Amino acid sequence: MEFHAVQKETVMRNPAKNMAERSIPSEIRVDPLTGRTARICHFMKLAWEKPAFDDLVKSTAASCPFCDERVTSVTPCFPEEIAPEGRMQSGDMVLFPNIAPYDSLGAVATLGSAHYVPMTSFSIHRLVEAFQLAMRFFRRVKEIGHPEAVYPIINWNYMPPSGSSLIHPHLQVFATSSAPNLMRQELEAAVLYHRRHQRNFWDDLVAHEQETGERYLGTIGRTAWLSAYAPMGVAGDVLAVVEGAACTLDLTDGDLEDIADGLTRAMAAYDAMGIYSFNMNFFTGEPGDRHARFHLLFSPRTFFNQSLGTPDIGALRNLFNETLCMAYPEEINRMLQTHF
Ligand SMILES: [Zn+2]
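Residues numbered from 1 in each chain as written. Predicted model: local features only at pLDDT ≥ 70, side-chain atom pairs only at ≥ 80, totals over all residues.

### Some thoughts on the overall build of the protein chain
Now for step 1: Along the protein chain, the regular secondary structure elements total seven helices and 16 strands.
Now for step 2: Overall, the C-alpha framework of the protein chain stretches about 75 × 55 × 35 Å when taken along its three principal axes.
Now for step 3: With 340 residues in all, the protein chain has 40% of them scored as buried.
Now for step 4: Sequence separation of at least 24 residues holds for 66% of the intrachain contacts in the protein chain that already meet a minimum separation of 6. (Helix = DSSP H or I, 4+ residues; strand = E, 2+ residues; numbered from the N terminus. Buried ≥ 20, exposed ≤ 12 C-beta atoms within 10 Å, placed from the backbone. Contact = placed C-beta atoms within 7 Å.)

This is the structure we're talking about:
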């Protein structure tokens, strides 16, 4: 397994220091699976200010479609063959069709009746219950033989900087036969790796990271937690790989609990940096895929300029899909370690 990086250096003269020359290092890392590149730079310190959310929470609650009785009156219902009960429920959580579908089998699941849940206030139990509700949907569409029941995926945009259009916490739950770009590229690359080495890439990655320790966070049950070598996020990514699971549907209730446990730790760690928003995506193969491993990425989202609301994604990422991380993942790993 190769962890390749190209070192770069920028020389500039500083007018505040009598035009003294200084050299600033940066690095271009190559993802060991896909060859995707990620730039590592020293852009700024990983510290942000969490604003007061009181006004935002208050002003959005009255019209929130997921609050009060609205979640079971204004949200759409599934056709009879998918869910005769219309919407699927578990306690105060409701799963219903996504009104803005980007695939045939798209749903949204609320994480309960609370309009705002601070990032550090999600209990393991609550996350497990939400994941179990999503799993019920995945199993249902598989049982009826729906042609899109191939890749069961949960995505989470938490709070507006991550792309969430609502404050009310909710998961994007969908099953699709069309693997999204990065997941497809990973699956294709994992097939080639398996063919070449007769081994599973993800098993080798976890073994390597456990051995070197630089980016390793810990193992909970059969889920290994790592800092990604070539992260997508500006403050690094947390990667979780579940041993022995190829597909989302291979996850046991114990795995869901371990995943929820690790996620609450990641949330607490980034909260300490002043970050209050993130993306989380499931990456899944198909059942029985020997090259695949279920994994997820937790990627904190923040701002390039918080006072202007400048998002942490600019032209480089949006149009080149080239990522920027503002510190070395190994440095970020040390900031996260105390929480694992
Ligand atoms: Zn709400």
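Moving on, there is more to tell.
### Focus: the sheet that holds strand 2 (residues 20-30)
Neighbouring strands of a sheet are bound in pairs by backbone hydrogen bonds; such pairs are parallel or else antiparallel.
Now for step 1: With mixed pairing, the four strands of this open sheet are ordered in space as 1-2-3-16. The open sheet terminates on both sides in strands that have one partner only, identified here as strand 1 (5-14) and strand 16 (323-325). The average angle at which neighbouring strand axes cross in this sheet is 25 degrees, direction not considered.
Now for step 2: Of the pairings in the sheet, the one linking strand 2 to strand 3 (residues 37-40) comprises four bridges and is antiparallel in character. Opposite Glu27, over in strand 3, you have Ile40 as the bridge partner. (Pairing = 2+ DSSP bridges. Axes fitted to C-alpha atoms, helices over the stretch in contact; angles between N-to-C directions.)

### So, the packing of helix 2 (residues 124-143) against helix 5 (residues 253-271)
Now for step 1: Two elements in contact, helix 2 and helix 5, have axes whose closest approach is 9 Å; the angle formed by their N-to-C orientations is 130 degrees. Here helix 2 lies oblique to helix 5, going by the angle between them. Considering the relative orientation of helix 2 and helix 5, their crossing is right-handed. Side by side, helix 2 and helix 5 meet where Ile124, Leu127, Val128, Phe131 and Gln132 of the first sit next to Leu256, Glu257, Ala260, Asp261, Leu263 and Thr264 of the second. (Parallel < 35°, antiparallel > 145°, perpendicular 65-115°, else oblique. Left-handed = near helix turned anticlockwise from the far one by under 90°.)

### Thoughts on the sheet that holds strand 7 (residues 151-158)
Now for step 1: Reading across from one edge, 4-5-6-8-7-12-13-11-10-9 is the order of the ten strands in this open sheet, with antiparallel pairing throughout. Edge positions in the open sheet fall to strand 4 (88-90) and strand 9 (216-220), since each of these has one partner strand only. Adjacent strand axes in the sheet meet at a mean angle of 15 degrees, parallel and antiparallel pairs treated alike.
Now for step 2: Across five bridges, the pairing between strand 7 and strand 8 (residues 170-176) is antiparallel. Bridged to Ile153 within strand 8 is Phe174.

### Focus on the pairing of strand 2
Now for step 1: Among the eleven residues in strand 2, one count as buried, and that is only a small part of the element.
Now for step 2: Direction of pairing for strand 1 relative to strand 2: antiparallel, over a ladder of ten bridges. Pairing of Arg13 across the sheet is with Glu21, part of strand 2.
Now for step 3: Where strand 1 hands over to strand 2, the hairpin turn is made up of five residues, of which Asn18 adopts a positive phi near 55 degrees.
Now for step 4: What sits between the antiparallel neighbours strand 2 and strand 3 is a turn of six residues, in which Gly35 has the positive phi angle 85 degrees.

### A word on the environment of Thr72
Now for step 1: Relative to the helices and strands, Thr72 is located in the loop between helix 1 (54-61) and strand 4.
Now for step 2: The partly exposed category is assigned to Thr72, around which 13 C-beta atoms lie within 10 Å.
Now for step 3: Along the sequence, Thr72 and Leu95 sit 23 residues apart, while their C-alpha atoms lie 9.8 Å from each other.
Now for step 4: Not counting the four nearest positions on each side in its chain, Thr72 is found in contact with Arg87 and Val94.

### With respect to the nonpolar core
Now for step 1: Leu95, Ala109, Ala130, Ala134 and Val173 are the most contacted members of the largest nonpolar core, which totals 89 residues.
Now for step 2: In this structure Leu95 touches Arg87, Met88, Ala107, Ala109, Leu133, Ala134, Phe137 and Val173, once residues within four positions along its chain are discounted. (Core = buried A, V, L, I, M, F, W, Y, C linked by C-beta atoms within 7 Å.)

### A look at the pairing of strand 13 (residues 295-300)
Within a regular strand, the side chains alternate between the two sheet faces.
Now for step 1: Burial of strand 13 is extensive: five of the six residues sit out of reach of the surface.
Now for step 2: Bridge count for strand 11 (residues 238-242) against strand 13 is four bridges, and the pairing is antiparallel. Its bridge partner lying in strand 13, Val241 is registered against His295.
Now for step 3: Bridging between strand 12 (residues 278-283) and strand 13 involves six bridges; their strand directions are antiparallel. Its bridge partner being in strand 13, Phe278 is matched across the sheet by Pro300.

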